[in-house]
Amino acid sequence: MAKEDQGLAIGIDLGTTYSCAAVWREHHRRVDIIHNDQGHNTTPSFVAFTDHERLIGNAAKNQAATNPQNTIFDAKRLIGRKYSDPVVQKDMMLWPFKVVAGANDKPMITLNYKGKEKQFCAEEISSMVLVKMREIAESYLETRVKNAVVTVPAYFNDSQRKSTIDAGTIAGLNIIRIINEPTAAAIAYGLDRRNNCVGERNVFIFDLGGGTFDVSILTIKGKMFQVKGTAGNTHLGGEDIDNRMVNYFVEKIKKEKKLDISGNPRALRRLRSACERAKRTLSHAVSATIEVDGLSNDNDFFSSITRARFEEINMELFNQCMETVDRCLADAKMEKRSMHDVVLVGGSSRIPKVQELLQDFFEGKDLCKSINPDEAVAHGAAVQAALLSVGIKNVPDMVLLDVTPLSLGIHVMGDMMSVMIPRNTTIPVKRTQQYLTSVDNQSSVKIKVYEGERTRSRENNLLGSFKLSGFPRAPRNHPFDVCFAIDENGILSVSAKEETTGISNKMIITNDVDRLSAEEIYKMIQEAEEYKAEDKKFLRKAKTMNKIDDYAYNIKKALEKENFSSKVCSEDREKISSAITKATELLDGDQQDEEVDVFEDHLKELINLFERFVEKSD
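The paragraphs below set out a description of the structure included in this document. Keep in mind that this is a model prediction, so the values were computed, not measured.

About the thresholds
Residues numbered from 1 in each chain as written. Predicted model: local features only at pLDDT ≥ 70, side-chain atom pairs only at ≥ 80, totals over all residues. Heavy atoms only, no water. Helix = DSSP H or I, 4+ residues; strand = E, 2+ residues; numbered from the N terminus. Buried < 20%, exposed > 50% of the residue type's maximum accessible area, 1.4 Å probe, protein only. Contact = heavy atoms within 4.5 Å. Pairing = 2+ DSSP bridges. Salt bridge = Lys/Arg side-chain N within 4 Å of Asp/Glu carboxyl O.

### Re the environment of A583
Structurally, A583 can be placed in helix α13 (residues 570-588). Owing to a relative accessible area of 1%, A583 belongs among the buried residues under this scheme. For A583 and L603, which are 20 residues apart along the polypeptide, the C-alpha to C-alpha distance reads 8.4 Å. Non-local contacts of A583, meaning those with residues more than four positions away in its chain, are made with I548, H602 and L606.

See the structure below:
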């Protein structure tokens, strides 16, 4: 039985391919990585829908090959993006599930569930993964979990961060902070090492995960953790490496077997799983085998790949990683020789060629592998969650200063972007700047807010806009102030004020076009509760069916025993046999339309019938 809610907050690494949860245990003064119901510390970020039920995590991934069109993964790559985004269009070519354009160009995942077509946005799928992580934590901690710190890639933009918060809301979680993944990893590493640190220590975090790549530079001095610079790519990771391997073998199969599987989702899913296993093998071996029985039309496939060929296929991606490393150092105005530690985070950082290139870049410096790359981000998030929780004791004393990943500014004359807050500015931050009207007798100005690094406004990402109206009639160049403020989550609010009249207007950039409305979130919360109820109902039915099967089996075995069988008359034996036959037909038939009550009633009938005969025979 669950204990009373003590306001515990957990850390969740919501990954593209795998997710992980952790919690600070104040009595032990350490972080516990929370294992799932199968004993694994990471859980696949997969959601699947079948004719009978919804599956999340390991169960969803395990059936992906047989149900590819209704098994969703990579939802994090859709979150906060538009359907027309070239990145989305490119990914759609590789996914077995269908993605269509919804309202306001929002990508919607289309699938079949219980014989009906359903559509989900990326936030809903991510919320289902978050629900699973919360349930895993509640089972482990034996208490309710409501609060969480959730990590995002450092290069997630404003829309993607807010969409992640929306996903948490749908999942019934109160996300008390969004923090960057490499920053969370640095917390995990820094707390482990800071007792041995003398003075200031510069740490370079290299985070290559399943779907995203981030690098950050942090300076650790005593209890101060200050991010100096960050760079990354929200579309580079282990999934892209898998894609290149799959494409390589699709062409090889086409050439060797004269078989084209590019349009066969089931065959592609099975090949992808084999490629993923081979990739892991190549991290410690020089060659790996690819073996798929019955790949397509009873055609088996057996091949191998050397580490050298694997590196050749993916060298372009590895070089992109090194270019990002170089850019981060340049942005932070720091030299590679000034880095005291280079820390590897993310499962894909285990790839030997990646480590070799990184070590060469840092002129032979030893890479730090002391923290688990799969768990470091969740570990740091759990520490941050404990720091933000009320009443949690024995938490390490630390101050975290993060940075904004992209430049923020407004549109000015000539389609120029006037930068208010440059990228890599420490947050939270608040800045005010004066602007001037552009024409005589101007009564209002439209303030358009952008993020990005291009000079022209239209080449950056429009976050939102609002009007400041009621200006006094005046010649051009009349002044007004614009203020940008970014909170600890990296969420931006913008305000403007005209001093002589005191009129003002403001907005929290909500990306209303891309982001879910309050009504949509409410509707999705209601649907999430319905799915939760359906999941419980199915589990109840499945358990009852197993009990019926076990009971029928035990009755048959009992009747086969001579000492019991001789005590049961032929009429009673016939009733028992009839009940067993009915149970078998019920289990073997189409159970989709049968209500759980039907099974529970039959189980009671079996139990009562058998117990009555046992009493008679005594």
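### Quick look at the pairing of strand β16 (residues 287-296)
Within a regular strand, side chains alternate between the sheet's two faces. Judged from the seven bridges that link them, β16 and strand β17 (residues 299-306) form a sheet pairing that is antiparallel. Each bridged residue has a counterpart across the sheet, and for S287 the counterpart in β17 is T306. Hairpin connection, β16 to β17: the antiparallel pair is bridged by two residues, and N297 has positive phi, about 50 degrees.

### What about the pattern of salt bridges?
All chains considered together, the criterion is met by 23 salt bridges. K254 is paired through a salt bridge with E251; the nearest N and O atoms lie 3.6 Å apart. A residue pair is termed a helical-turn pair when its members lie 3 or 4 positions apart in one helix, as K254 and E251 do in helix α6 (residues 238-257) at three residues. E251 gets classed as partly exposed once you look at its relative accessible area, which sits at 45%. Residue E276 is joined to R280 by a salt bridge in which the shortest nitrogen-to-oxygen separation is 3.2 Å. Within this pair, E276 and its partner R280 are both found in helix α7 (residues 265-281), separated by four residues, close to a single helical turn. The exposure class of E276 is buried, given its relative accessible area of 11%.

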